[in-house]
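# Descriptive structure summary
Listed below, chain by chain, are the residues.
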Amino acid sequence: MSEIPAKSTESEDPSEGARTRVVDGLASTVGGALAADGVQTGDAVWQSSPPGSIYDYIKVASFSIGPDGLVDQWSLRAEHLFGIPAERAVGMDPIEAFIDPRLRERGMRKMAEILDGREWTGVVPFRMPKDAEGECGHEGLAEVYVMPTRTEDGEKAAVCIVVDVRTLRSIETDLAASQAIFSQSPFGFLLIDPDLRVRRVNQRFASIFGGDVDDHRGKGVHDYLQRGEADRVAATLRRVLETGSSITDMHVTGFVPGSDERRHWSVNLYRVHSGSGRPIGIAWLGIDITARRAAAREAAAARRNLALLNEAGARIGNSLDLETTARQLLDVVVPGFCDLATVDLYQGLLAGDETPPGLADGSAELRRVAFASAVSDAPFAGAGVPVSVGAVHHYPFNSPCADALRTARPQTVPGEDGGLVQSTLAVPMVAHDTVVGLVQFARTKGSEPFGDRDRDLAVELAARAAVCIDNARLYRREHERALILQRSLLPPGDPEASGLDIACRYLPGNANTGRPSEVGGDWFDVIELPGHRTALVVGDVMGRGLRAAVAMGELRTAVRTLAQLDLEPAEVLSQLDEIARGLGAPGGVQQATRAARRPREADLSEVYLATCVYAVYDSVTRRCTFANAGHLPPVLVEPGEQALMLDVPPGMPLGVGGEPFEEVEVELPEGALLALYTDGLVESRDHPLDEGLQAFVSALSDPAQPLEDVCDHVLNTLDTHHGEDDIALLMARVQGLPTESVGDWTLPREPRSVGRAREYARAQLLSWDMEPLVDTTELLVSELVTNALRYGEGEIRLRLLLDRTLVCEVWDSGLVQPRRRRARDTDEGGRGLQLVGLLSAAWGSRRTPRGKTVWFELPLPGGETSLTDPAEALLSLF
């Protein structure tokens with residue numbers, strides 16, 4: 001408010017003294033209440049209003065009227081209120097200038113009364129006088145306070161104080177609105193002064209912290225919050241007061257009277273200024289977010305649990321190994337869910353039992369397969385005596401862990417006094433209604449205790465891991481069964497063959513990687529044939545699993561059967577091809593053959609394809625005949641030469657049909673090395689087939705070493721640890737039958753040849769020091785040569801072969817195979833072949849390119865098999 005004109009003098013009217021005192025008192029009161037800077041004038045001190053006064057908001061102005069009724073002084077506030085400078089306003093008639101023409105007559109009367117010495121107060125409508133361009137200003141409504149005065153000459157005058165009514169009404173409205181907002185706000189509302197003391201609170205705040213609104217006046221933040229939190233909030237209040245920067249969503253934690261529950265508030269702070277811009281305090285607007293914080297924690301926990309379940313789904317069960325799956329579970333939960341964890345599985349389950357024992361009382365033996373800790377490497381000690389990983393133990397009958405196993409429900413185990421663990425969740429691992437083990441989740445002291453949500457999450461994690469472990473158990477069982485089946489179908493021990501030194505290796509898929517895998521269909525076989533010949537077989541059924549192993553077993557059995565028929569290698573593969581096609585047909589070979597003649601859409605899941613190489617080695621001639629059905633070529637290493645792959649036409653795989661197989665005959669020098677193998681040895685994802693074959697050939701650079709060492713060197717040199725496929729390796733070093741171990745004679749087709757054959761046989765056996773075999777051999781040679789004379793054709797050939805056994809062969813040009821029959825008691829003949837069967841270890845016949853060969857085999861003296869007494873054999877025929 002601007003200065004009040006001070007040209008007043010004592011009034012001549014007896015009442016004027018009082019008026020003067022009132023005016024002076026008002027001036028002194030108003031000026032003293034609002035003074036900031038003092039100005040000495042006579043006996044009064046006139047001061048301007050201080051910042052923060054109500055007069056900063058109310059438009060108040062003053063001017064004085066001289067004895068002539070004209071304005072003789074015009075204050076600065078009057079200039080601001082009316083917009084008229086003092087040089088223009090002084091000398092104006094206020095009635096003529098500001099009053100509506102319709103009200104001027106009444107205004108003149110009031111002016112006369114005022115100049116007559118009367119006070120007057122009222123609300124007067126006014127309008128701005130015309131400006132220099134002749135346009136009228138805006139209209140307004142003013143409350144006027146007129147006080148009579150006197151000039152220095154003693155003439156009557158007046159002082160007018162004018163208040164803009166509309167501004168006053170606006171302030172009243174704003175004040176009412178502010179009061180309503182302050183008192184009716186659902187938030188806690190405080191006004192804090194610069195001394196950080198509460199000046200005012202609303203009812204909402206008082207209802208939370210108790211008492212009446214006036215009871216909180218003068219309190220500080222330390223009266224509501226604990227010391228550490230109060231210091232933090234006080235520092236923030238000072239910063240807001242000093243910088244003017246507002247604070248949004250500041251979280252404050254504390255307690256309300258009468259409750260031990262920790263509460264949380266979100267507080268907004270901003271500095272409050274007066275009308276002149278001076279800071280006068282801080283406004284505090286707070287809302288209780290305890291429930292929101294709890295909901296946010298619940299939502300965060302739910303998101304965390306969901307993320308944990310997603311991680312568990314991604315990481316658990318990637319392996320079909322029991323121990324690996326258990327460790328994957330612990331990798332997920334530690335430290336994201338708990339601080340320590342263990343997994344125990346039933347020992348019977350790990351041993352391969354169908355149903356783990358002891359489920360009735362929960363005290364069966366378990367093995368600790370995994371342990372993880374985020375705080376210590378010590379064994380888990382949450383319940384009883386510490387158990388190390390790999391140890392077998394059991395829980396007492398009355399323990400919570402045994403109860404969890406018995407009831408298939410999780411149990412909470414409290415921590416021991418003075419221990420590290422706060423609490424433990426013992427959760428049974430249930431898969432397909434079967435408890436397979438127990439997982440324990442523990443949190444250390446100082447961590448958040450397990451809640452219902454944590455309990456549910458633990459059960460879900462344990463169930464997921466249990467299903468994966470049960471799947472791994474079932475897979476391990478099936479894998480072991482298939483592996484047992486597969487190994488049972490392979491040659492037992494170290495195969496032996498006449499004229500060959502044999503070494504072999506078989507590695508199932510992933511055997512070197514430690515990861516379980518499905519078995520494959522690779523196989524090899526060494527089959528002894530008549531005449532000290534040997535069949536070498538290596539094959540590979542396409543596919544993996546039990547089906548491939550079974551198909552391999554069927555094909556291997558068929559190969560052995562066909563080999564005993566002494567068929568040529570190409571014919572053996574042709575028959576195998578028919579059998580392979582019959583494996584995928586419900587009706588067998590015949591149905592497959594008929595179905596192949598008509599168009600059909602083959603079910604690829606039922607098609608069995610296999611590759612195979614079949615070789616027949618004759619130790620007498622050292623010649624080997626090969627036939628190949630889509631398999632990799634054999635490798636031959638001759639003494640002093642580089643290894644080379646034999647050019648054997650590959651043919652089509654078994655099961656395709658429609659194409660004949662070709663044979664290749666190769667003479668093998670003494671000491672040569674022959675290698676047959678499957679593709680798992682030379683091919684993997686990282687090494688193409690050509691590169692693997694070249695590496696295999698290079699690995700056979702020193703074939704003179706012992707054959708077992710050569711096999712080991714090949715496996716160590718090549719990439720056999722990829723685990724992608726089975727590996728079968730069959731090596732044979734040629735050791736032909738010495739010439740002195742062979743007796744070969746040609747006999748004419750005449751009766752005397754029978755006696756001559758006996759003489760040749762006797763002489764040869766005596767030269768070999770095989771006198772115990774002379775009588776039996778003479779008798780059997782006589783029978784076979786006699787049959788050749790009676791039923792055969794062409795000249796007769798007799799051959800004796802001495803190796804691990806004695807073999808006698810009688811050759812002729814006839815095609816009719818001898819057939820053994822049971823002679824009746826009255827028959828005079830028909831007992832020759834019976835006699836051969838009784839006296840020999842084995843006998844048989846086979847076709848040759850020029851006829852047939854009938855043979856028998858006798859064990860050598862001093863061997864495990866004893867000779868049959870010819871006399872007893874003859875008597876047994878009658």
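Residues numbered from 1 in each chain as written. Predicted model: local features only at pLDDT ≥ 70, side-chain atom pairs only at ≥ 80, totals over all residues. Heavy atoms only, no water.

Okay, the packing of helix α19 (residues 752-767) against helix α20 (residues 774-791) next. Their axes nearest at 9 Å, the elements α19 and α20 cross at an angle of 150°. As the angle between them shows, α19 and α20 are arranged roughly antiparallel. For the element pair α19 and α20, the recorded crossing hand is right-handed. Listed contacts from α20 to Ser753, Val754, Ala757, Arg758, Ala761, Arg762, Leu765 and Leu766 of α19 are Val774, Asp775, Thr777, Glu778, Val781, Ser782, Val785, Thr786 and Leu789. (Axes fitted to C-alpha atoms, helices over the stretch in contact; angles between N-to-C directions. Helix = DSSP H or I, 4+ residues; strand = E, 2+ residues; numbered from the N terminus. Parallel < 35°, antiparallel > 145°, perpendicular 65-115°, else oblique. Left-handed = near helix turned anticlockwise from the far one by under 90°. Contact = heavy atoms within 4.5 Å.)

So, about the sheet that holds strand β11 (residues 263-273). The antiparallel open sheet is built from five strands, whose spatial order is β9-β8-β12-β11-β10. The open sheet has two free edges, formed respectively by β9 (198-201) and β10 (247-254), since each of these has just one partner strand. On average, adjacent strands in this sheet sit at an angle of 30° to one another, irrespective of strand direction. For β11 and strand β12 (residues 279-288), the ladder comprises nine bridges, and the chain directions are antiparallel. Along β12, the bridge assignment pairs Val272 with Gly281. Its contacts with the sheet place helix α9 (residues 290-315) against β10, β11 and β12, and it is angled at close to 125° to β11. (Pairing = 2+ DSSP bridges.)

Turning next to the nonpolar core. Counting residues in hydrophobic clusters, the biggest one holds 56 residues, and the most contacted among them are Trp523, Leu536, Leu576, Tyr614 and Leu730. Ranked by residues supplied to this core, first place goes to helix α14 (residues 546-564) with eight residues. (Core = buried A, V, L, I, M, F, W, Y, C linked by side-chain atoms within 4.5 Å. Buried < 20%, exposed > 50% of the residue type's maximum accessible area, 1.4 Å probe, protein only.)

Let's shift gears to the sheet that holds strand β24 (residues 635-637). Sheets are built from strands that pair by backbone hydrogen bonding, the pairs being arranged parallel or antiparallel. Read from one edge to the other, the open sheet built from five strands follows the order β19-β28-β27-β24-β25, with strand pairing classed as antiparallel. Bordering the open sheet on either side are β19 (500-507) and β25 (644-645), each of which pairs with just one other strand. In this structure, β24 lies alongside strand β27 (residues 673-677), joined through three bridges in antiparallel fashion. Residue pairing for β27: Leu636 is matched across the bridge by Leu674. Across the sheet, helix α18 (residues 707-717) lies against β19, β27 and β28 (727-734), angled at about 30° from β19, the strand it touches most.

Here we come to unusual backbone geometry. Going from Val334 to Pro335, the amide bond is cis rather than trans, its omega being 5°. Turning to its location among the elements, Pro335 is positioned in the loop between α10 (322-333) and β13 (340-346). A positive phi angle, near 55°, is found at Asp249, a position not held by glycine. Here Asp249 shows up in strand β10.

Looking now at the packing of aromatic side chains. Inspection of the entire model under this criterion finds 13 aromatic pairs. Relative to Tyr224, the ring of Phe205 has its centre 5.3 Å away and its plane inclined at 75°; by these criteria the two rings are edge-to-face. Within this pair, whereas Phe205 is found in helix α7 (residues 203-209), its partner Tyr224 is found in the loop between α7 and α8 (227-243), the two being separated by 19 residues in sequence. Residue Phe205 shares its accessibility class with Tyr224, and that shared class is buried. Above the ring of Phe397, the side-chain terminus of Arg406 is found at 4.4 Å from the ring centroid. Taking NZ or CZ as reference, Arg443 lies 5.2 Å from the ring centre of Phe337, over its face. (Phe/Tyr/Trp six-rings, centres within 6.5 Å; stacked < 30°, edge-to-face > 60°. Lys NZ or Arg CZ within 6 Å of the ring centre and 35° of its normal.)

What follows concerns a negative patch on the surface. A grouping of Asp68, Glu152, Asp153 and Glu155 is seen on the molecular surface, where their side chains present a negatively charged patch. Structurally, Asp68 can be placed in the loop between β3 (60-65) and β4 (71-74). Assessed through its relative accessible area of 55%, Asp68 is described here as exposed. (Patch = residues over 30% accessible without salt bridge, like charges linked within 9 Å, V, L, I, M, F, W, Y side chains within 5 Å. Areas by Shrake-Rupley, 256 points an atom, 1.4 Å probe, with all protein chains shown as cover. Salt bridge = Lys/Arg side-chain N within 4 Å of Asp/Glu carboxyl O. Lys, Arg positive; Asp, Glu negative; His and termini not counted. Charge placed at Lys NZ, Arg CZ, Asp CG, Glu CD.)

Inspection of the secondary structure puts Gly258 in the loop between β10 and β11. The class of Gly258 is exposed, set by a relative accessible area of 91%. For the pair Gly258 and Phe209, spaced 49 residues apart in sequence, the C-alpha to C-alpha distance is 9.2 Å.

Position of Gly692 among the secondary structure elements: in helix α17 (residues 689-699). It is 9.6 Å that separates the C-alpha atoms of Gly692 and Gly680, two residues lying 12 residues apart in sequence.

This part takes up the packing of α9 against α10. Where α9 contacts α10, the axes come no closer than 10 Å and their chain directions differ by 155°. With respect to α10, the axis of α9 lies roughly antiparallel. For the crossing formed where α9 meets α10, the hand is right-handed. Side by side, α9 and α10 meet where Leu308, Glu311, Ala312 and Arg315 of the first sit next to Gln328, Asp331 and Val332 of the second. Grouping the amino acids of the contact of α9 with α10 by side-chain chemistry returns three nonpolar, one polar and three charged. (Nonpolar A, V, L, I, M, F, W, Y, C, P; charged D, E, K, R; others polar.)

Before going further, it helps to examine the pattern of salt bridges. The final tally for this structure, using the stated rule, is 36 salt bridges. Linking Glu105 and Arg109 is a salt bridge whose minimum nitrogen-to-oxygen distance equals 3.7 Å. Highlighted residues: Glu105 and Arg109, both in helix α5 (residues 104-115), separated by four residues, approximately one helical turn. Judged by relative accessible area, which is 47%, Arg109 ranks as partly exposed. A salt bridge links Arg804 to Glu496, with the nearest nitrogen and oxygen atoms 3.8 Å apart. In this pair, Arg804 sits in the loop between β30 (796-802) and β31 (805-812) while Glu496 sits in the loop between α13 (452-489) and β19, placing the two residues 308 residues apart along the sequence. Accessibility expressed as a relative area gives 53% for Glu496, which makes it exposed.

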